[in-house]
Amino acid sequence: MNRFAHASIWAVLPVCGLLLAAPACAQQLIGVSDEIIVISKGQNKKQQFKQQSRLGATPGAGENPFRHDPGGPGRGLDQHSNPAHSTVTFRSGSALQSMSAPAPQIVRSAAPLTAAHVLPHRAAAAPPLYGPLELPAGDIEGPPDGLTLDVAIERLVRTNPELRAKAYEIPQARADIITAGMRGNPFYFLSAGNYPYAPYSQNRPGGNNYGVSLVQPVDVNHKREARTEAARATLSVLDLQYKDAVRLAIDGLYGAWIDVIVAREMIRYAEASMIGTQHVLDTAEVQYREGAITEPYYLRIVNQHAAAEVDLERARLQQLQARHALAAMLALPPDAAERLEVRGTIRDRAAAPPSRDELVQLALNVRPDVAAYRMGIQRARADLRVNRKEVFEDIFVIYSPYQWQNNKPVGAQSATSYSFGLLGTIPLFNRNQGDIRRAELNITQTRVALDAVARQVIAEVERAHLDYYSTLKAVERLETTILPNSERVRAGIIRLQEKGEKSHLDVYEAQREHNELVRQYRDAVISHRRAMLHLNTVVGQRVLP
C-alpha cells in the first residue's frame, strides 16, 4: 500500500464517519476505503507513467539521462537528454536510438530521436596506379529515368521501415490524449454481514443485513483537464521529434545516394585508366620485341595494366554495394538494387548558399530538434500544473440505493433503506511537495538544455559553412591551377624524353605525380559534394541541391 495513500486514509476516516448516513454502510465502506483510493491512484499512475517512445527522450519530460542508475534503471552519459525527472508523462514503449547524426564531428545535446550515430559513407581509397589516370571527359548525370535525390527523399519518408515504425508514435500520442481525458470509472460494493455464530433469538437479538453501494470518484480540482493539456503538449513534442528523425534519415540518404554517384565516377576514372594503360602496354610490347626496353620495365607496365583491371573490378563491386545500401534505405527489393540507377552529378553546379549569419538564423528557426525543446518547455509547464492539481485527490461520492435488514430471526419486520456519503483526503502531510519541486526544476533544466542545443546548432552550421567553402576552394585551386600545371609538367618531360634528355623513369615519375593529383582532385570534388548536402542537414532545410 502506498504510504501517501495510507496517510490520507488516516486523515479522512473521521470525515467519513461523520458524512455517511448509515452506520453499517459507513463501517463497510471505511473498511475498503483504503483499497478504493489505492485503485484510483493506480489508474491515474497508469495513465501518467508512459515516458518512453521510439523517438527517444522527450524534451520537457524530465527523463533520467543516465544509463547506469545506481539502484534503478536509467541511461548513460552518452545519452544527452534532460537530466531532470518528471512524474507526469504520457508515452509508453522502449527507447529507440535515433537513426543517425548529421556528421561525425557533430555531437548534439539531447537529440529527441536519441543517440545512434551513422557515419557518412566514404569511398574506399583505391590502390595507387602509375599508369595514365586521366580525367574523364564531361560530366554524366545518369539516365533520364534515374532516381533523383528529390524522388529518393519522397520515397524514404514514405517507405523507410524505421521511419514508418517511428511514425506510429504520433497516433499513439493522440490515443494518450483520449486516455488522459477519461473520467474515472465508478466502483461497486456488495456486502452481506452480521452472520451469527449461533442463531439469533429473542434472547440473542440481531439480523442479517445486505447492501449494494456505488462509489464514483469526482475530479473537483480539474486534474483531468490538466492531464489532457499535458498529453497534447507531449503530442506536439513527439511530432517535432519525428520531423527531426526524418531530417537525420535524409542525411543518411544523402550519403547513400552520393555513394552510388561516387562509385559511378570511380568506374569512369578506372575505365579511363584502363584505356591509358592499354595504350602504354601496346606500345611497350612493340618496344620490348624490338629490344628498345628491358624486360623489368616491360613487366612493370604489364603489372600496371593488371592493377588497372583490378581497380576497375573493385569500382564495379563498390557500385553494386552502394546500390544495395541505397535500395535497403528505400525498402526496394534486393533484385531491384542491381538495376538501380541514380540521376545527378558529383560536381557543384549550384549558386553559393546564404551567408553564415543567415544560415544560423534559418537553422534556429526551422530545425525540429530546437523546436522540440522549445515545445518541451511548454510540456514541462503542463506537467507542473498536473502536479499542483494532484495536491487534492478525487472525492468519492458514495451511494447505497438498497440496504436490507433481515429481522425475521427476532420476529420483527425486515426493513430496507438507502444511504449516501462522501470520501476524500485532507492534504495535511502529503501535498505533493516533492513532485511539484521536481517539476519546477525540470522547467529550468529544459531551458538550459534548449540553450545548449541552440549553441550546438550554431556550432554545427559554422563548421558546415567552413567545410563547404574549404572544399570549394580546394576544388577550384586543383581545377584552375594545380592540374593544368601538372599537365604541362608531364607533357614537357615527355617531350624531353623523346629528345633523349629524359629517361623512361622520369616519364614514369611524372605520370605517377599526375595520377596522385588527379586522385586528389576526384576526392576533393566528392568531399565538396558531401559538404553541400551536409549543409542542408545542419540547417534543417534544402539550401543546396
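Above this note sits the structure.
First, a word on scope: everything that follows refers to the structure included in this document. (Residues numbered from 1 in each chain as written. Predicted model: local features only at pLDDT ≥ 70, side-chain atom pairs only at ≥ 80, totals over all residues. Heavy atoms only, no water.)

### Focus on the overall build of the protein
Consideration 1: If you tally the helices and strands in the protein, you get 12 helices and eight strands.
Consideration 2: Expressed as a percentage of the 545 residues in the protein, the buried residues total 47%.
Consideration 3: Taking contacts inside the protein between residues at least 6 apart in sequence as the whole, the part at least 24 apart equals 80%.
Consideration 4: Here the protein displays about 26900 Å² of accessible surface, and carbon together with sulfur accounts for 57% of that area. (Helix = DSSP H or I, 4+ residues; strand = E, 2+ residues; numbered from the N terminus. Buried < 20%, exposed > 50% of the residue type's maximum accessible area, 1.4 Å probe, protein only. Contact = heavy atoms within 4.5 Å. Areas by Shrake-Rupley, 256 points an atom, 1.4 Å probe, with all protein chains shown as cover.)

### Considering the side chain of Thr345
Consideration 1: Note on placement: Thr345 falls in the loop between α8 (334-337) and α9 (356-366).
Consideration 2: At 3.4 Å, the side chain of Thr345 forms a polar contact with the backbone oxygen of Arg347.
Consideration 3: Discounting chain neighbours no more than four positions away, the residues touching Thr345 are Asp139, Ile140, Glu141, Ile261 and Arg529. (Polar contact = N/O pair within 3.5 Å; in protein donor to acceptor, adjacent residues only side chain to side chain.)

### Description of the sheet that holds strand β6 (residues 209-218)
Consideration 1: One open sheet holds the four strands; their spatial order is β5-β6-β7-β8, and the pairing between them is antiparallel. The strands lining the two open edges of the sheet, one partner per strand, are β5 (187-193) and β8 (415-423). Taken pair by pair, the neighbouring strands of this sheet meet at an average axis angle of 15°, ignoring direction.
Consideration 2: Sheet topology note: the β6/strand β7 (residues 395-405) ladder contains nine bridges and is antiparallel. (Pairing = 2+ DSSP bridges. Axes fitted to C-alpha atoms, helices over the stretch in contact; angles between N-to-C directions.)

### Regarding helix α11 (residues 433-498)
Consideration 1: End to end, α11 covers 93 Å across 66 residues, agreeing with the expected 98 Å (1.5 Å per residue, within 8%).
Consideration 2: Maximal helix bending in α11 amounts to about 45°, located at Leu478.
Consideration 3: Just downstream of α11 lies Gly500, where phi reads positive at about 85°. (Expected span 1.5 Å × (residues − 1). Bend = angle between axes of the 7 residues up to and from the residue.)

### A closer look at the nonpolar core
Consideration 1: One finds Leu156, Leu253 and Leu326 to be the most contacted residues of the largest nonpolar core, which totals 50 residues.
Consideration 2: For this core, the secondary-structure elements that each account for two or more residues are α3 (149-159), α5 (169-180), α6 (223-290), α7 (295-329), α11 and α12 (504-539).
Consideration 3: In terms of residue count, the dominant contributor to this core is α6 (21 residues).
Consideration 4: Aside from chain neighbours lying at most four places away, what touches Leu156 is Leu163, Ala249, Ile250, Leu253, Met329 and Leu330.
Consideration 5: Counting residues in hydrophobic clusters, the runner-up holds 21 residues, among them Val360, Leu364, Met532 and Leu544. (Core = buried A, V, L, I, M, F, W, Y, C linked by side-chain atoms within 4.5 Å.)

### Re the pattern of salt bridges
Consideration 1: Under the defined criterion, the tally for this structure stands at 27 salt bridges.
Consideration 2: With a closest N to O distance of 3.0 Å, Asp150 and Arg542 form a salt bridge. On the criterion of sequence distance, the pair formed by Asp150 in helix α3 and Arg542 in the segment after α12 is long-range, its members being 392 residues apart.
Consideration 3: In this structure Asp150 comes out as exposed when scored by relative accessible area, which is 51%.
Consideration 4: A relative accessible area of 35% places Arg542 in the partly exposed class.
Consideration 5: Where Arg379 meets Asp383, a salt bridge forms, and the shortest distance between an N and an O atom there is 3.1 Å. With Arg379 and Asp383 both in helix α10 (residues 368-389), this residue pair falls four residues apart, about one helical turn.
Consideration 6: Judged by relative accessible area, Arg379 falls into the buried class, the value being 0%.
Consideration 7: By sharing partners, the salt bridges in this structure join Asp244, Arg247, Arg367, Asp369 and Glu460 into a single network. (Salt bridge = Lys/Arg side-chain N within 4 Å of Asp/Glu carboxyl O.)

### Details of unusual backbone geometry
Consideration 1: For Ala331, which is not glycine, the phi dihedral falls at a positive 60°.
Consideration 2: Mapped onto the elements, Ala331 comes out in the loop between α7 and α8.
Consideration 3: Despite not being glycine, Asn432 shows a phi value in the positive range, around 60°.
Consideration 4: By the secondary structure assignment, Asn432 is in the loop between β8 and α11.

### With respect to the packing of aromatic side chains
Consideration 1: On inspection of all chains with the given rule, the structure shows five aromatic pairs.
Consideration 2: Between Tyr195 and Tyr210 the ring centres are 6.1 Å apart and the planes differ by 80°, which places this aromatic pair in the edge-to-face class. Residue Tyr195 is found in the loop between β5 and β6, and its partner Tyr210 is found in strand β6; the two are separated by 15 residues along the sequence.
Consideration 3: One aromatic cluster is present, formed by Tyr195, Tyr210 and Trp404 through successive ring pairs.
Consideration 4: Taking NZ or CZ as reference, Arg522 lies 5.6 Å from the ring centre of Tyr269, over its face. (Phe/Tyr/Trp six-rings, centres within 6.5 Å; stacked < 30°, edge-to-face > 60°. Lys NZ or Arg CZ within 6 Å of the ring centre and 35° of its normal.)

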